[in-house]
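Analysis of the macromolecular model
The chain contents come next:
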Amino acid sequence: MPAGPRPTGPKAVDRRLLAPTAVAVLTALAVAGCSSGSSSSSSSSSASSSGATASAGASGSTAAQPGGGNQLQSDYQQVIKDVLPSVVQITTASGLGSGIVYDDKGDIVTNAHVVGTATSFTVTLAGSTKPLDATLVGSYPDSDLAVIRLSSPPGGIRPAVFGDSNKVELGQITLAMGSPLGLSSSVTQGIVSATGRTVTEPRTEGSPGAVIGNMVQTSAAINPGNSGGALVNLDSQVIGINTLAATEPEANGAAAPGIGFAIPASTVTSIAGQLIKDGKVTNSGRAALGITARTYFDQNYRPAGAVVVAVADGGPAASAGLQPGDVITRIGDTPVDSLNSLTTALASLAPGSKVTVTYSRDGRSTTAEVTLGTLATP
């Protein structure tokens, strides 16, 4: 392993912090930080044909076609040629991670936990050993995304093409690109193992323990240093930013092979676009009740819900009749026994959606239909 700053991630997380939809799959696993980003765009006809070949290969049908394995290998190599030049290594005083060239102005999107509290960075482009200076454009830790900008972008810098998150499907072949363990321009391969995962990151210095919804789960190997790198499909499109990897608590935090998570393209492009335009996020795209809450403990000092501390005037909760002192115990069909579980439940929902909120008032359980609003941003 090369000498130098320590690669960023992964970060271990207790399995109890996972969303209910993820618990069944990740039983006895902890989640750790390290994945990539995605968005929408068109691709070349050669890339499209490679995706079709890949699908056939995944189902085993290429075995009956002469040279099928060579064609899939050629497809992989074409994707790497198309996308790897857009994946960079980012170094701070305390660690290193990966990033993706977002536009031809030198903007680079990465994870907020790669950036941490730093405001200046050293960036190394793929295929280069020359360090380039970069500065912080903006960071949004609640979605674990950040944008930095090269001070003097070189000519010919190549922005990545981002794919459509809505078209990501189970079983699609994926390649993860980044700098695992400081080994720049590394590539691993796998498939999309699941979509729509909601995962809670660990709370660490410089990271608030973000709850991120709609993540892409992949079997492509994600290691420390991959954080902020690209998860790519066979159409040469970035479909996610590699952000989280799983570890096994009962094996002293050893890596759990084949379980990694990426922030989806739609989230990446929405947040990055706002950071580039305004230097901050004005529309989080995250659902909210419009309350301030904390964990409620019962008479046996066990967590038993989320108690409403304050209700925003005119917000969703206020419109539905919720009041300070109410104890929320369920969002839809999802039990709520703490502030964290409430946040996790909301992260899997979209602003504007209607949900049944079960709560207790004066010892009596009741429900309210709430149309969710948008989480306010600083």
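Residues numbered from 1 in each chain as written. Predicted model: local features only at pLDDT ≥ 70, side-chain atom pairs only at ≥ 80, totals over all residues. Heavy atoms only, no water.

Across its full length, the protein chain holds seven helices and 21 strands. When the 378 residues of the protein chain are sorted by exposure, 49% land in the buried category. The contacts of the protein chain with a sequence gap of at least 6 include a subset with a gap of at least 24, amounting to 64%. Of the roughly 16,600 Å² of accessible surface on the protein chain, 49% is carried by carbon and sulfur atoms. (Helix = DSSP H or I, 4+ residues; strand = E, 2+ residues; numbered from the N terminus. Buried < 20%, exposed > 50% of the residue type's maximum accessible area, 1.4 Å probe, protein only. Contact = heavy atoms within 4.5 Å. Areas by Shrake-Rupley, 256 points an atom, 1.4 Å probe, with all protein chains shown as cover.)

With that settled, the discussion passes to unusual backbone geometry. Positive phi is not limited to glycine here, since Asp-144 has a value of about 55 degrees. By secondary structure assignment, the location of Asp-144 is in the loop between β6 (131–140) and β7 (145–150). For Asp-144, a relative accessible area of 2% corresponds to the buried category. Despite not being glycine, Ser-236 has its phi angle at roughly 65 degrees, a positive value.

Our focus in this paragraph is the pattern of salt bridges. Considering all chains together, one arrives at three salt bridges under this definition. For the salt bridge of Arg-149 with Asp-107, the shortest nitrogen-to-oxygen distance reads 2.5 Å. One end of the pair, Arg-149, is in strand β7; the other, Asp-107, is in strand β4 (residues 107–110), with 42 residues separating them in the sequence. Residue classification places Arg-149 among the partly exposed residues on the basis of a relative accessible area of 31%. (Salt bridge = Lys/Arg side-chain N within 4 Å of Asp/Glu carboxyl O.)

Strands sit in the order β2-β3-β4-β7-β6-β5 around a closed barrel of six strands; the barrel is antiparallel. The sheet shows a mean angle of 40 degrees between the axes of neighbouring strands, direction not considered. Where strand β3 (residues 96–101) lies against β4, two bridges are found, and the strand directions are antiparallel. In the strand pairing of β4, Val-101 is matched with Ile-108. Against the sheet, helix α5 (residues 265–278) makes contact with β4, β6 and β7, and its axis sits at roughly 50 degrees relative to β7, the strand it touches most. (Pairing = 2+ DSSP bridges. Axes fitted to C-alpha atoms, helices over the stretch in contact; angles between N-to-C directions.)

Looking at the secondary structure, you find Gln-217 in strand β10 (residues 211–218). Owing to a relative accessible area of 5%, Gln-217 belongs among the buried residues under this scheme.

Further remarks concern the nonpolar core. In summary, soluble globular proteins display a tendency toward joint burial of nonpolar side chains. Ranked by internal contacts, the top residues of the largest apolar core, which has 37 residues, are Ile-100, Val-109, Met-177 and Val-238. With residues near it in sequence (within four places) discarded, Met-177 still touches Val-79, Ile-80, Val-83, Leu-84, Val-87, Ser-186, Val-187, Asn-226, Gly-229, Ala-230, Val-232 and Asn-242. Counting residues in each nonpolar core, the second largest holds 20 residues, with Ala-293, Val-308, Tyr-359 and Val-370 among its members. (Core = buried A, V, L, I, M, F, W, Y, C linked by side-chain atoms within 4.5 Å.)

Looking at where Thr-174 falls in the secondary structure, it is placed in strand β8 (residues 173–178). Polar contacts involving the side chain of Thr-174 include one to the side chain of Thr-218, which spans 3.1 Å. (Polar contact = N/O pair within 3.5 Å; in protein donor to acceptor, adjacent residues only side chain to side chain.)

On to the pairing of strand β19 (residues 354–361), then. The pairing of strand β17 (residues 327–331) with β19 spans four bridges and is classified as antiparallel. Across the sheet, residue Arg-330 finds its bridge partner in β19, namely Thr-358.

What follows covers the environment of Val-109. Following the sequence through the fold, Val-109 ends up in strand β4. Using a relative accessible area of 1% as the deciding quantity, one classes Val-109 as buried. The spacing of Val-109 and Ile-271 is 162 residues in sequence and 9.6 Å in space, taken between C-alpha atoms. When residues no more than four places from it in sequence are discounted, the contact partners of Val-109 are Gly-99, Ile-100, Tyr-102, Ala-146, Val-147, Phe-162, Gly-228, Ile-241, Val-268 and Ala-272.

Our next topic: the pairing of β17. As defined by bridge partners, strand β16 (residues 303–311) adjoins β17 across two bridges and the pair is classed as antiparallel. Each bridged residue has a counterpart across the sheet, and for Ala-306 the counterpart in β17 is Ile-328. Where β17 meets strand β18 (residues 334–335), two bridges bridge the pair, whose relative direction is antiparallel. Looking at the pairing, Arg-330 lines up with Pro-335 of β18. Count of turn residues in the β17/β18 antiparallel hairpin: two residues, of which Gly-332 carries a positive phi of about 60 degrees.

To continue, consider α5. Look at α5: 20 Å from first C-alpha to last across 14 residues, which is about the 20 Å you get at 1.5 Å a residue. Among the residues of α5, Ala-265, Val-268, Ile-271, Ala-272, Gln-274 and Leu-275 are the ones counted as buried. Where α5 ends, the next residue or the one after it, Gly-279, has phi of about 80 degrees, a positive value. (Expected span 1.5 Å × (residues − 1).)

We now examine the packing of aromatic side chains. Scanning the model with the defined rule gives one aromatic pair in all. Ring centres of Tyr-102 and Phe-162 lie 5.5 Å apart, and the angle between their planes is 55 degrees; on these two criteria the pair is classed as tilted. Pair noted here: Tyr-102 is in the loop between β3 and β4 and Phe-162 is in the loop between β7 and β8, with a separation of 60 residues, a long-range link. (Phe/Tyr/Trp six-rings, centres within 6.5 Å; stacked < 30°, edge-to-face > 60°.)

It is worth spelling out the environment of Ile-331 at this point. For Ile-331, the position within the fold is in strand β17. In this structure Ile-331 comes out as buried when scored by relative accessible area, which is 3%. Taking C-alpha positions, Ile-331 is 9.0 Å from Tyr-359, a pair spaced 28 residues apart along the chain. What Ile-331 contacts, discounting residues up to four positions off in sequence, is Leu-289, Val-336, Leu-342, Ala-345, Leu-349, Val-355, Thr-356 and Val-357.

For Thr-218, the location among the structural elements is in strand β10. Distance in space between the C-alpha atoms of Thr-218 and Asn-242 is 9.4 Å, their sequence separation being 24 residues. If sequence neighbours within four positions are ignored, Thr-218 has contacts with Thr-174, Ile-191, Ser-193, Leu-231, Gly-258, Ile-259 and Gly-260.

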